[in-house]
Amino acid sequence: IVRDQSLFLKTLRGLVRVSCPTSFGVRYLGPALSGFLCAHPNLTAEVLLNDRVVNPAEEGYDLVLTDHPMISGQFQEEPMCDLALVACAAPAYLERHGIPRTPDDLQRHNCLWITSLPALRRWPFDTDDGIRVVHISGNIVANNAETVLQLAVAGVGITRLTDVIVGDALRRGALVPVLTEWHHVEPVPLYATYPSGRHLAPKVRAMMDFLVEQFGHTPWRKMR
């Protein structure tokens, strides 16, 4: 039996609850979802923006977009794209405090990180002796990436965030990369995660496919 796929898509209905990192939601997910919902007028979406680890089963979300490791076996993960980490600072900060030339120089600099993710205080770098992990510190921190970005642009300190967050600031020169010859460039996968064993409703499957199509080619890396 040949089914009319367009009719199937138009009949998708109900609520899809999504959690994702703050900056990604503000900059990319929100605008993209407007097109998705226009194509599926019988669907509604609820979006939670935050920078903590969310358990989709316990908190009732259909999809969680995350770059944090989830509990193996409890969740299904489908890759959306890879994010690149960039260590960077405002030109004004570097003029006042100097440019770090080696990873160890960061211990003399004011560094910015997200408080809800303690692991982000450990910055790995490639050296001739293998991976060197620097434990950074600073005089101000915040609980979401967007605030950390604003602090960095204001010249408060050096930060290390994904390119989806800092890409625009880098393009306009508000931030410049540092330690590029040392930086550990292993990509950070961004996953769409949902509870393992749960039947994936057609409305959720449609949204996942849409998100992969929209973001799989990392549009934030394209020069404008």
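Predicted model, so just to flag it, every value in this text is computed and none were measured.

A. Looking closely at the sheet that holds strand β1 (residues 14-20). Reading across the sheet, the five strands line up as β2-β1-β3-β11-β4 and stay open at both edges, with mixed pairing between neighbours. Only two strands of the sheet have a single partner each, and these edge strands are β2 (43-49) and β4 (75-83). Recorded for the sheet is a direction-independent mean angle of 20 degrees between the axes of neighbouring strands. Here β4 pairs with strand β11 (residues 188-195) via eight bridges, running antiparallel.

B. Inspection of the pairing of β1 at higher detail. Along β1, five of the seven residues are buried, which leaves the element largely enclosed by surrounding structure. Pairing analysis gives seven bridges linking β1 to β2, with the strands arranged parallel. Across the sheet, residue Arg-17 finds its bridge partner in β2, namely Glu-46. Between the parallel elements β1 and β2, the chain passes through helix α2 (residues 22-39) in a crossover that is right-handed. Across two bridges, β1 lies against strand β3 (residues 63-66) in parallel orientation. Directly across from Ser-19, in β3, lies its bridge partner Val-64.

C. Quick peek at empty space enclosed by the protein. Inspection of every chain in the model, using the stated rule, returns one cavity of 30 Å³ or more. Taken as a whole, the largest cavity holds about 30 Å³ of empty space. The wall of the largest cavity is formed by Leu-112, Trp-113, Ile-114, Leu-120, Trp-123, Thr-159, Arg-160 and Leu-161. Sorting elements by how many residues they give to the lining of the largest cavity places strand β9 (residues 158-162) first, with three residues.

D. Geometry of the environment of Ala-142. The residue Ala-142 is located in the loop between β8 (130-135) and α5 (145-153) in this model. Since its relative accessible area comes to 10%, Ala-142 is described here as buried. Each C-alpha atom of the pair Ala-142 and Ile-114 lies 5.4 Å from the other, and the pair is 28 residues apart in sequence.

E. Representation of α2 in the model. Taking 1.5 Å as the rise per residue, α2 with 18 residues should run 26 Å; its terminal C-alpha atoms sit 24 Å apart, in good agreement. Along its length, α2 reaches its greatest deviation from straightness, about 45 degrees, at Leu-29, and the proline Pro-31 lies no more than four positions downstream. Every buried residue of α2 is accounted for by Thr-22, Ser-23, Phe-24, Gly-25, Tyr-28, Leu-29, Ala-32, Leu-33 and Phe-36.

F. Geometry of the layout of surface pockets. In this structure, the largest pocket encloses a volume near 780 Å³. Lining the largest pocket are 39 residues, with Asp-67, His-68, Leu-85, Leu-120 and Val-188 positioned closest to its centre. Residue contributions to the lining of the largest pocket peak at four residues, all from β11. Looking at side-chain class alone, the lining of the largest pocket contains 25 nonpolar, seven polar and seven charged residues.

The rules behind these values
- Residues numbered from 1 in each chain as written.
- Predicted model: local features only at pLDDT ≥ 70, side-chain atom pairs only at ≥ 80, totals over all residues.
- Heavy atoms only, no water.
- Pairing = 2+ DSSP bridges.
- Helix = DSSP H or I, 4+ residues; strand = E, 2+ residues; numbered from the N terminus.
- Axes fitted to C-alpha atoms, helices over the stretch in contact; angles between N-to-C directions.
- Buried < 20%, exposed > 50% of the residue type's maximum accessible area, 1.4 Å probe, protein only.
- Right-handed = clockwise from strand over helix to strand, strands pointing away.
- 1 Å grid on protein atoms, 1.4 Å probe; cavity = no way out; pocket = protein on both sides within 12 Å on 5 of 7 lines; lining within 4 Å.
- Points joined across faces, edges and corners; volume = space filled by probe spheres on them.
- Expected span 1.5 Å × (residues − 1).
- Bend = angle between axes of the 7 residues up to and from the residue.
- Nonpolar A, V, L, I, M, F, W, Y, C, P; charged D, E, K, R; others polar.

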